[in-house]
Amino acid sequence: MSGRAGIKEDGTKEEGSPSEHLLFGGPLLHDTGWNTHEDAYLEMSLWAMARSLPRLVASTIRLAHRADRRALWAVGCAEVLHGVTQAVGLVAVNHVLAAVLAAGPLAGRLHAAVPALIWVAVTSLVGALAMSASTAGTGSLEPKVERVATETYLERVIRVELEAIEDEEFHRLLDSAQYGASGARRMIRYCTAVIGALVSFAAAAGVLTVLHPVLLPLLLLMTLPRSWAALRNSRTRYASFQRWAQHARAGRLLSQTLIRTDPAPEIRVHDVGPFLLTHFRKMSESAEEEQTRLARSAARTRLIASALTGVATLVTYLALGGLLLTGVMALSVAGTAVLATRSGAASLTTLILQVNSLYEEACYVMDLERLCGEATKRAIPVGGLPVPARPKAIHFEDVTFTYPGSAEGGRPALKGVTLGIPTGKIVALVGENGSGKTTLVKLLAGLYRPDGGSVRWDGVDAGALDRAQLFSRFAMVSQDFHRWPLTARMNVAIGRTDRPLDEERIEAAARYAGADEVIEELPRGWNTLLSRGYKGGHQISGGQWQKMGIARARYRDADILIVDEPTSALDARAELDVFEQIRRLAETGQTILLITHRLASVRHADLIHVLEKGSLRESGTFEELMDRGPAGIFHSLYELQRKQFTDDGAAVPGRRRPTDAAQGA
């Protein structure tokens, strides 16, 4: 089953592994050209990174301030205090060396060094306490910042148009933004380290400048090679992440599919597990090759940087030796300079590495910010005209719609559809798969906007209506409605979360849908978690789920109920009960829009619209459509279905006649 995936017609190899082509239809590696940032990270230099430092730190501080301002102040004060203690400690060490190396009796020199030694001890203790406070504050801030960052993009994503959620480019950005939420958490740690290293370096640099001005440039020279290496390796990792993001997501999809409960029966009966595991391994091996490439590249870069750092260190210590031999610098000062140089080099190296890490994480956080910007642009508009309280009818006028992302020249899902939906009636949409029934109801509910034409509520264009009000008028029960991994109670109550939970209404909705019998059989009743894989979780059948879905729609109590294949998982008796419930709803004034393949079920509909390949072909009552005879589409489809349940001797594809069975015996 491996096929020739990944091989072009001319025999040359296509980009991407055979598993990508076989399972996902093509390579999952992407050019990062779509992902742009201000001062693009992949072109970032050391100087540009240094210039970006204030903006990055300010962005992190704003995020931390939103999460926990008290913890932020504690961390900031602790880092500043730690840097001050380092500077005071270096000065104290210089006094100790000066006292010990001075002329005179040893006892006198040691006695003179005692005050400075006490200062060294005190600054070390205070520095340790400051570091402890900083660590505690950072640990408190990190999870809060990740939560705030996650909420920042989630609260925008849940309000975007449906077409944005279904858009590939938006999802690629969403992948990176999700990493950006955890990146924001890591930014706190890196930002704390940056502030600490910056203060420590400033302390060491100040001491070196006082000791001799030439020492500071030498200190900077020692750290440049490692800084260059860190920046180069970080840029390479970020570029790799962007290129391999969807490949990694696809690999996780395969691994998660193997352990999920829904596909578990088919995986075992069809023995799909070894097949998926094989392709998971192949895709993982492709990713491993990329990681090996990154590791080798990083090793080469670090080797070069280490060699250059060694040369710079040798030059620094030769300069110190020269200053000492020429008498420009005293021995005690030289000793302090060595300590300050080592401290400053360590602080500056840490500073560059942490700034580099900070910027790397900030790129993902910038993706998060970019996602928020895109989500804002593609958000469902707020406000608009009020939706008519009791419209007489909703009209589609010459409506055309093509799904975003469809291939150029692809067939529209709807084209030139004009029809009416009288309110307070049962209106059925029928037609074969792909005829446009579900697309039409999504346009009706405001989930999509027409490419051409309009949907009008008593003459008012739906595009000008308040979308929130529009959504509130609808309840939906579809054959693929979401099965929430929540309690049975919440699976019904989630139909109306804008109101306080009403136990009486929940139970009434369950009785209406026949879901009360389902609840009685559950081990913990309404409190049963309807999801296996969790403690106390329980799984119910497809038919039972459909009753829960109908109860959810009933609890929502909306003006218009869209019912898409409501009985696909029900037995014959339950199916009759559901359609009887639907008729009773219409009697109370609720508008029912019914989508079904079972044409006998629409006999009591007030109006039937027949769609075919995105166009409206027929409209009328059941009797009117049947009176058209074999020339009518509805009549032909109805007769085809009727013959499947009769023994009139007609040949039905895929079905043997009783006489055939007898002859075969």
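Residues numbered from 1 in each chain as written. Predicted model: local features only at pLDDT ≥ 70, side-chain atom pairs only at ≥ 80, totals over all residues. Heavy atoms only, no water.

Novice: Sorry if this is basic, but what is going on with helix α14 (residues 503–513) here?
Specialist: In an α-helix, one turn spans 3.6 residues, which is why side chains three or four residues apart end up on the same side. Three or more residues of α14 are buried, namely Ile 506, Ala 509, Ala 510, Tyr 512 and Ala 513. The buried residues of α14 occupy an angular sector of 160° when projected down its axis, which confines them to one face. Facing away from the buried surface of α14 by more than 90 degrees, the exposed residues are Glu 504 and Arg 511. The N-terminus of α14 is capped by Asp 502, whose side-chain oxygen sits 3.1 Å from the backbone nitrogen of Glu 504. Downstream of α14 by one or two residues, Gly 514 has phi in the positive range, about 80°. (Buried < 20%, exposed > 50% of the residue type's maximum accessible area, 1.4 Å probe, protein only. Helix = DSSP H or I, 4+ residues; strand = E, 2+ residues; numbered from the N terminus. Arc of directions from axis to C-beta. Polar contact = N/O pair within 3.5 Å; in protein donor to acceptor, adjacent residues only side chain to side chain.)

Novice: Help me understand the layout of surface pockets, please; the structure alone is not making it clear to me.
Specialist: Any space left empty among the atoms is revealed by the rolling of a water-sized probe across them. In this structure, the largest pocket spans a volume of roughly 1700 Å³. Lining the largest pocket are 39 residues, and of these Leu 447, Phe 471, Met 476, Trp 484 and Arg 556 sit closest to its centre. Mapped onto the lining of the largest pocket, the elements with two or more residues apiece are α11 (437–444), α12 (467–472), β6 (474–478) and α16 (542–556). Broken down by element, the residue count for the lining of the largest pocket peaks at five residues, all from β6. The residue inventory of the lining of the largest pocket, partitioned by class, reads 19 nonpolar, nine polar and eleven charged. Estimated volume of the second largest pocket: approximately 460 Å³. Breaking the lining of the second largest pocket down by element, the ones donating at least two residues are α6 (168–211), α7 (215–259) and α9 (273–325). Its residues assigned to classes, the lining of the second largest pocket shows nine nonpolar, seven polar and five charged. (1 Å grid on protein atoms, 1.4 Å probe; cavity = no way out; pocket = protein on both sides within 12 Å on 5 of 7 lines; lining within 4 Å. Points joined across faces, edges and corners; volume = space filled by probe spheres on them. Nonpolar A, V, L, I, M, F, W, Y, C, P; charged D, E, K, R; others polar.)

Novice: Just to check I follow, could you spell out a nonpolar patch on the surface for this structure?
Specialist: A surface patch of nonpolar side chains, about 350 Å² in accessible area, is lined by Val 80, Val 84, Val 88 and Trp 119. Tallying contributions element by element places helix α3 (residues 69–100) first for the nonpolar patch, with three residues. In this fold, Val 88 is placed in helix α3. The exposure class assigned to Val 88 is partly exposed, which follows from its relative accessible area of 31%. (Patch = residues over 30% accessible without salt bridge, like charges linked within 9 Å, V, L, I, M, F, W, Y side chains within 5 Å. Areas by Shrake-Rupley, 256 points an atom, 1.4 Å probe, with all protein chains shown as cover. Salt bridge = Lys/Arg side-chain N within 4 Å of Asp/Glu carboxyl O.)

Novice: Before we go on, may I ask you to explain the side chain of Asp 68 in this structure?
Specialist: With respect to the helices, strands and loops of the structure, Asp 68 is situated in the loop between α2 (46–67) and α3. Engagement of the side chain of Asp 68 in a polar contact is seen with the backbone nitrogen of Arg 70, the distance being 3.2 Å. A polar atom in the side chain of Asp 68 sits 2.5 Å from the side chain of Lys 144. Non-local contacts of Asp 68, meaning those with residues more than four positions away in its chain, are made with Ser 140, Leu 141 and Lys 144. (Contact = heavy atoms within 4.5 Å.)

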